[in-house]
Amino acid sequence: MKDGRLLDYDIISHGLRPVRDYTANAIAEITDERCRESFAYRATELMNARGFTQHTLAEYTGISKGAINKYLNKNATPSMTALRKISYALQCSLDELLD
């Protein structure tokens, strides 16, 4: 806890980050667009950390390169199956991929 805020460990930055606010106001701010943005950012960061390209991720997951490109450019929302495959390939939890 720092300055009255709860902290969590971020595996990408290897540092602490504030724990999200799960109140009704925070939940109301969750939109498809924000989820796509968050996923694209986190997936790109994890791919860079693991040395993956879009092509490599497509090969590991069996998801088409076109679909991977759409996910990372925020033009499509991955299905739960795609999210699981991507999280396995990037060796991370769904929380780490989506937060």
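Relevant structure appears above.
Reference entry: report on the structure contained in this document. (Residues numbered from 1 in each chain as written. Predicted model: local features only at pLDDT ≥ 70, side-chain atom pairs only at ≥ 80, totals over all residues. Heavy atoms only, no water.)

## What about helix α5 (residues 80-89)?
For the α-helix, the turn length of 3.6 residues means that residues three or four positions removed from each other point alike.
Then step 1. Those residues of α5 lying buried are A82, L83, I86, S87 and A89. Down the axis of α5, the buried side of the element spans an arc of 160 degrees, and every buried residue falls inside it. Of the exposed residues in α5, those oriented more than 90 degrees away from the buried face are M80, T81 and Y88.
Then step 2. Its buried side turned inward, α5 meets α2 (32-50), α3 (54-61), α4 (65-72) and α6 (94-98).
Then step 3. Count one or two residues on from α5 and you reach Q91, which has phi positive near 55 degrees. (Buried < 20%, exposed > 50% of the residue type's maximum accessible area, 1.4 Å probe, protein only. Helix = DSSP H or I, 4+ residues; strand = E, 2+ residues; numbered from the N terminus. Arc of directions from axis to C-beta. Contact = heavy atoms within 4.5 Å.)

## Overview of the environment of A67
Then step 1. Looking at the element boundaries, A67 is found in helix α4.
Then step 2. Note on A67: relative accessible area 17%, which makes it buried.

## Section: the packing of α3 against α4
Then step 1. Viewed as axis vectors pointing N to C, α3 and α4 meet at an angle of 120 degrees, and their least axial separation amounts to 9 Å. One finds that α3 runs oblique with respect to α4. Of the two elements, α3 crosses α4, and the hand of that crossing is right-handed. Residue-level inspection shows Q54, H55, L57, A58 and T61 of α3 in contact with α4, the latter providing K65, I68, N69 and L72.
Then step 2. Taken together, the residues of the contact of α3 with α4 break down into four nonpolar, four polar and one charged. (Axes fitted to C-alpha atoms, helices over the stretch in contact; angles between N-to-C directions. Parallel < 35°, antiparallel > 145°, perpendicular 65-115°, else oblique. Left-handed = near helix turned anticlockwise from the far one by under 90°. Nonpolar A, V, L, I, M, F, W, Y, C, P; charged D, E, K, R; others polar.)

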